[in-house]
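# Structural characterization, general
What follows is the residue order along each chain.
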Amino acid sequence: MFRIQVAWSKMPKGGVGTSGDSVELVERPLGGVTLILADGQGSGPAARRISRMVSMKAVSLIADGSRDGAVARAVQDMLYTAREGRVTATLALLTVDFATRSLVISRNSPAPVVVRQEGRVFRIDGAAEVIGTYRRTKPQVTELDLVEGTICLTFSDGLSQAGRRYGREIDWAAWDTRLAASDVDELADLVDALMQDAVDLDQGRPGDDISIMALGVRRDDQSSLRRLSASIPF
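Residues numbered from 1 in each chain as written. Predicted model: local features only at pLDDT ≥ 70, side-chain atom pairs only at ≥ 80, totals over all residues. Heavy atoms only, no water.

Outside of glycine, negative phi angles account for most residues, and trans bonds account for most peptide bonds. Phi at Glu118 takes a positive value of approximately 50°, unusual for a residue other than glycine. Positive phi outside glycine occurs at Gln203, with the angle close to 55°. Here Gln203 falls in the exposed class, since its relative accessible area comes to 54%. (Buried < 20%, exposed > 50% of the residue type's maximum accessible area, 1.4 Å probe, protein only.)

Printed below as a string of structure tokens:
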């Protein structure tokens, strides 16, 4: 039996109380879970409305049984139609599908998905257009085997830009080394540490909304217990 671990962390742009990113978790009707990260154009409440529209549409479609590629296309069409091609958003879906025993990664985002599998760290990146601008935009979809010890991590562009105002950036070589050595049970600590690194690079005042989400797969002791915890300011 496998157990799925998930973790995410969000930080709004410095001086803006509302993050323009949305992160959601939804259970799949045939078994499995999907993590959703949507980043609306801009920042603050206006961006939040866009990302919320995108993420809630994705949640609804996944809950109805749609596959991730179809979900991403439908969300793209919805945003393009609703905003007449004038607003963009990014969308990333990380799915563990129990029915196919696979890991499905769907991207409409410039940010890569960093994967640790069987001791190797690699990136799923390359061309993946943002949604909302062009009628025929498609997602980049990758399917991997469901392997014990796998970790997948992705993020909004605020992480990629962290520190650039000060001539600094995330040291991905160091983080790849840390990811390669991390246990799946340490996923929340890993995400929190990466977020703190980004905030420190921006000297405590992020230049853009930062969101990080991660998913891990490990063997289980046959326990049926499910747990979820969160820490949310208001």
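Now, onward.
Before going further, it helps to examine the sheet that holds strand β8 (residues 140-145). Read from one edge to the other, the open sheet built from five strands follows the order β2-β3-β4-β5-β8, with strand pairing classed as antiparallel. Both outer strands of the open sheet, β2 (21-27) and β8, are each paired with one neighbouring strand and no more. Here the strands of the sheet are splayed against their neighbours by 10° on average, with no regard to which way each runs. Two strands pair when backbone bridges link them, and strand β5 (residues 102-108) and β8 are joined in this way by six bridges, in the antiparallel orientation. (Pairing = 2+ DSSP bridges. Helix = DSSP H or I, 4+ residues; strand = E, 2+ residues; numbered from the N terminus. Axes fitted to C-alpha atoms, helices over the stretch in contact; angles between N-to-C directions.)

Glancing now at the nonpolar core. Of all hydrophobic cores here, the largest spans 23 residues; its most connected members are Leu153, Phe155, Leu159, Ile170, Leu194 and Ile212. Those elements giving two or more residues to this core turn out to be β9 (151-155), α4 (172-181), α5 (187-201) and β10 (210-219). The element best represented in this core is α5, accounting for eight residues. Ignoring any residue separated from it by four or fewer positions in sequence, one finds Ile170 in contact with Leu159, Ala162, Trp175, Leu194, Asp197, Ala198 and Leu201. Grouped together as the second largest cluster of nonpolar side chains are 21 residues, Val23, Phe122, Cys152 and Leu215 included. (Core = buried A, V, L, I, M, F, W, Y, C linked by side-chain atoms within 4.5 Å. Contact = heavy atoms within 4.5 Å.)

Right, let's talk about the side chain of Ser9 for a bit. Inspection of the secondary structure puts Ser9 in strand β1 (residues 2-11). According to the relative accessible area criterion, Ser9 is buried, its value standing at 12%. Not counting residues up to four positions away in its chain, the partners in contact with Ser9 are Val191, Asp192, Met195, Ile210, Ser211 and Ile212.

Let us now look at the packing of aromatic side chains. Here a ring pair, both rings aromatic, is described through the centre-centre distance and the interplanar angle of the planes. Here the structure, examined in full by the defined rule, presents one aromatic pair. Taking the centre distance of 5.4 Å and the plane angle of 20° together, the rings of Phe155 and Trp172 count as stacked. With Phe155 in strand β9 and Trp172 in helix α4, this residue pair connects regions lying 17 residues apart in the sequence. Its relative accessible area of 4% is what places Phe155 among the buried residues. The partly exposed category is assigned to Trp172, whose relative accessible area is 24%. (Phe/Tyr/Trp six-rings, centres within 6.5 Å; stacked < 30°, edge-to-face > 60°.)

With that out of the way, let us pick up α5. Between its terminal C-alpha atoms α5 stretches 21 Å, which fits the 21 Å expected from 15 residues at 1.5 Å a residue. Within α5, burial applies to Leu187, Leu190, Val191, Leu194, Met195, Ala198, Val199 and Leu201. Where the residues of α5 are buried, they touch β1, β9, α3 (157-161), α4 and β10. Positive backbone phi, at 55°, marks Gln203, one or two positions downstream of α5. (Expected span 1.5 Å × (residues − 1).)

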